[in-house]
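# Per-entry structural report
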Amino acid sequence: MTSPASIIRCSGCGHVADQDDPYPFRCPRAGTDDTDHVMTRVLGPEVTRFPSGHEDNPFLRYRALMHSYHVAMAHGMADAGYRDLVASLDDSVADVDGHGFRATPLFRSRDLSQALGFSGDGGVWVKDETGNVSGSHKGRHLMGVLIHLVVMESCGLLDPADRRDLAIASCGNAALAAAVVARAGGWPLSVFVPPEADPAVLRRLRELADVVICPREPGVLGDPAYLRLREKLDEGALPFTAQGNENGLAVEGGETLGYELVTDLASSPDHGDLDHLIIQVGGGALASSCLQALGKAAGLGALGRLPRVHTVQTFGAHPLERAYHRVRALLPDEPGPDAVRQAMAKAAAHRSAFMQPWEEEPKSVATGILDDETYDWRADVEGMLLTGGQPLVVSEDLLVEANQLAVATTGIPVDPTGSAGLAGLLQLRRSGQIGDHDRAAVLFTGIQR
Ligand SMILES: Cc1ncc(COP(=O)(O)O)c(C=O)c1O
């Protein structure tokens, strides 16, 4: 057997997972010290080309960038065998959810561009994830993990007759996506949810997974659903979450979104390079995935230059913005990439001094980005510092205004979390930091339910 063309390495301590480790999800040293441990897929020098395939399914189109593909090839699986496996899983997703994974649309919205006062050569590009599996981008993270698990079974590294439970704590888009994808793969899933979860979401979750309601217990600090998840993981369940710290491979699946952006920008005369990409942040995996995808594509020559990547949080909770400023304070006025990487490494070795859970219970109309911690903060802060982006914090009024504008100008039934990036864009336009000729993209990530 040859070595795979990628490794899974902890960005905090450098630990490299064994190449046949079927569960290279979480660093074994995580939680033992104050270092930020996130397992990260690192492509080897063998990977020299950005995939130019035209498959509609992103997990097929970009398979040559996936760790599971490299493990499969190293174990002698044929390319056709890998494609069949992904296509068959995708058919199962379609059986559960009505359709499988397809590259989602990217378009310049004329009406939105006009409403924001852009000139003809600038404007707003929208990537619409509301028609994706289970109505958000979250399934991308989890499909990548499912494909990895099934490839491990096909390579004889896991026993299909002895599948461990998957587990997630969420009551929103991530839980729905996890439930659809796990059911499609035939894997048992436990979902830990708070009592106030939306009844319609709960109904659907109960059809697909084992749902555990987790009320607060007097005197016990912390999110009860997350605490129950951790217990379940300690008992041996696998993290089927959309957060890099629990499952680093979740970020890899999310990268398909960024790869699609690159492919579309390169292939349409209307597109060209972007000046700005504005991303709403909860746990931070979405922004981390996009940043890593764009960085990889630029490294492979598929993207002329990186856009400035800005993040958006609400006044309700903005732990990422707080961490950004703490790292920024370590740097000179115009830091070069080496200085940024050094400062980040220092910050990641002292996590608790930079990323602290938000103190008050946050509230916002953008309910999907209220995480009290930004788990993937390291990649997000580093990405902003390297691209010249900013950590934006927006008001409730602006979130509502952005959502109304998004729906009215594009006709897309996006929810306020899904259009929160547009609130950030409005803020940057009004403060004059994005000019009339600039090209800015936002991600409409979740559908109204
Ligand atoms: C619709 C939507 N957009 C964006 C996000 C933010 O993603 P992340 O938690 O990876 O930062 C979420 C998270 O739940 C979401 O539901």
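### What to know about the pairing of strand S1 (residues 6–10)
With burial as the criterion, only one face of S1 is covered, namely that bearing Ser 6, Ile 8 and Cys 10; the residues Ile 7 and Arg 9 on the opposite face remain uncovered. Pairing between S1 and strand S2 (residues 39–43): five bridges, direction antiparallel. Considered in S2, the bridge of Ser 6 is made with Leu 43.

### What about the side chain of Ser 364?
Along the chain, Ser 364 falls in the loop between helix H13 (351–354) and helix H14 (377–387). With relative accessibility at 13%, the residue Ser 364 sits in the buried group. A distance of 2.9 Å separates a polar side-chain atom of Ser 364 from the backbone nitrogen of Ala 366. One polar contact links Ser 364 to Glu 396, side chain to side chain, over a distance of 2.8 Å. Not counting chain neighbours up to four residues away, the residues in contact with Ser 364 comprise Thr 314, Leu 370, Glu 396 and Leu 399.

### Concerning the sheet that holds strand S5 (residues 166–169)
Within a beta sheet, neighbouring strands are joined by backbone hydrogen bonds and run either parallel or antiparallel to one another. As summarised here, the arrangement of the four strands in space is S7-S6-S5-S8, forming an open sheet in which the pairing is parallel. The open sheet has two edge strands with one neighbour each: strand S7 (210–213) and strand S8 (238–239). In the sheet, S5 pairs with S8 via two bridges, with the strands oriented parallel. Residue pairing in the sheet places Ala 167 in a bridge with Pro 239 of S8. Contacting strand S6 (189–193) and S7, helix H7 (residues 199–208) runs over the sheet at an angle of about 135° to S7. Contacts between helix H8 (residues 224–234) and the sheet are confined to S5, S6, S7 and S8, with S5 contributing the most and set at about 160° to the helix.

### Structural notes on the packing of aromatic side chains
Tallied over the entire structure, the rule returns eight aromatic pairs. For the pair Phe 50 and Tyr 62, a centre-to-centre distance of 5.8 Å together with 45° between the ring planes defines the contact as tilted. With Phe 50 in the loop between S2 and helix H1 (58–61) and Tyr 62 in the loop between H1 and helix H2 (67–74), this pair connects stretches of sequence that are twelve residues apart. Phe 50 gets classed as buried once you look at its relative accessible area, which sits at 11%. Overall, the relative accessible area of 0% leaves Tyr 62 in the buried class.

### So, the site of the ligand
Around the ligand, 15 residues are found, and the nearest of them are Asn 173, Gly 282, Gly 283, Gly 284 and Thr 445. Measuring from an oxygen atom of the ligand, one finds a backbone N or O atom of Gly 282 at 2.7 Å. Within the backbone of Gly 368, an N or O atom sits 3.1 Å from an oxygen atom of the ligand. Here the ligand loses 94% of its free accessible area of 390 Å² to cover by the protein chains.

### So, the environment of Trp 125
Here Trp 125 is to be found in strand S4 (residues 123–128). Exposure remark for Trp 125: the relative accessible area of 1% places this residue in the buried category. A C-alpha to C-alpha distance of 27 Å links Trp 125 and Ala 317, two positions 192 residues apart in sequence.

### Quick look at the packing of helix H15 (residues 396–410) against helix H16 (residues 420–430)
A pair of packed helices is characterised by two quantities: the angle between their axes and the separation of those axes. Between H15 and H16, the shortest axis-to-axis distance is 8 Å and the interhelical angle comes to 105°. Between H15 and H16, the interaxial angle falls into the category roughly perpendicular. Contacts from Leu 398, Leu 399, Glu 401, Ala 402, Leu 405 and Ala 406 of H15 reach H16 at Ala 420, Leu 422, Ala 423, Leu 426, Gln 427 and Arg 430.

### Here's the deal with the pattern of salt bridges
Inspection of every chain in the model, using the stated rule, returns 23 salt bridges. Between Glu 255 and Arg 41 there is a salt bridge; the shortest N-O distance is 2.9 Å. Residue Glu 255 is found in helix H9 (residues 249–267), and its partner Arg 41 is found in strand S2; the two are separated by 214 residues along the sequence. Linking Arg 63 and Glu 55 is a salt bridge whose minimum nitrogen-to-oxygen distance equals 3.2 Å. The exposure class of Arg 63 is buried, given its relative accessible area of 12%. A relative accessible area of 25% places Glu 55 in the partly exposed class. Salt bridges sharing common partners tie together Arg 26, Arg 230, Asp 234 and Glu 246.

### Some points on helix H5 (residues 138–154)
When the terminal C-alpha atoms of H5 are compared, their 25 Å separation across 17 residues agrees well with the 24 Å that a helix rising 1.5 Å per residue should span. Of all 17 residues in H5, 15 are buried, a share of seventy percent or more. Looking one or two residues beyond H5, the residue adopting positive phi is Gly 156, at roughly 80°.

### What to know about the state of the cysteines
Evaluation of the coordinates by the stated rule reveals zero disulfides. Considering cysteine sulfurs only, Cys 27 is the nearest to Cys 10, which forms no disulfide, with 3.8 Å between them.

### What about the sheet that holds S4?
Here we have six strands laid out as an open sheet, ordered S3-S4-S12-S9-S10-S11, and mixed in their pairing. Looking at strand neighbours, the two that pair on one side only are strand S3 (106–108) and strand S11 (391–394), the edges of this open sheet. Neighbour to neighbour, the strand axes of the sheet diverge by 25° on average, direction disregarded. Where strand S9 (residues 276–280) lies against strand S10 (residues 308–314), five bridges are found, and the strand directions are parallel. What sits directly across from Gln 280, in S10, is Val 312.

Basis of the calculations
- Residues numbered from 1 in each chain as written.
- Predicted model: local features only at pLDDT ≥ 70, side-chain atom pairs only at ≥ 80, totals over all residues.
- Heavy atoms only, no water.
- Buried < 20%, exposed > 50% of the residue type's maximum accessible area, 1.4 Å probe, protein only.
- Helix = DSSP H or I, 4+ residues; strand = E, 2+ residues; numbered from the N terminus.
- Pairing = 2+ DSSP bridges.
- Polar contact = N/O pair within 3.5 Å; in protein donor to acceptor, adjacent residues only side chain to side chain.
- Contact = heavy atoms within 4.5 Å.
- Axes fitted to C-alpha atoms, helices over the stretch in contact; angles between N-to-C directions.
- Phe/Tyr/Trp six-rings, centres within 6.5 Å; stacked < 30°, edge-to-face > 60°.
- Near = heavy atom within 4 Å.
- Areas by Shrake-Rupley, 256 points an atom, 1.4 Å probe, with all protein chains shown as cover.
- Parallel < 35°, antiparallel > 145°, perpendicular 65-115°, else oblique.
- Salt bridge = Lys/Arg side-chain N within 4 Å of Asp/Glu carboxyl O.
- Expected span 1.5 Å × (residues − 1).
- Disulfide = S-S within 2.5 Å.

Take it as geometry only, folks, not as evidence of what the structure does.
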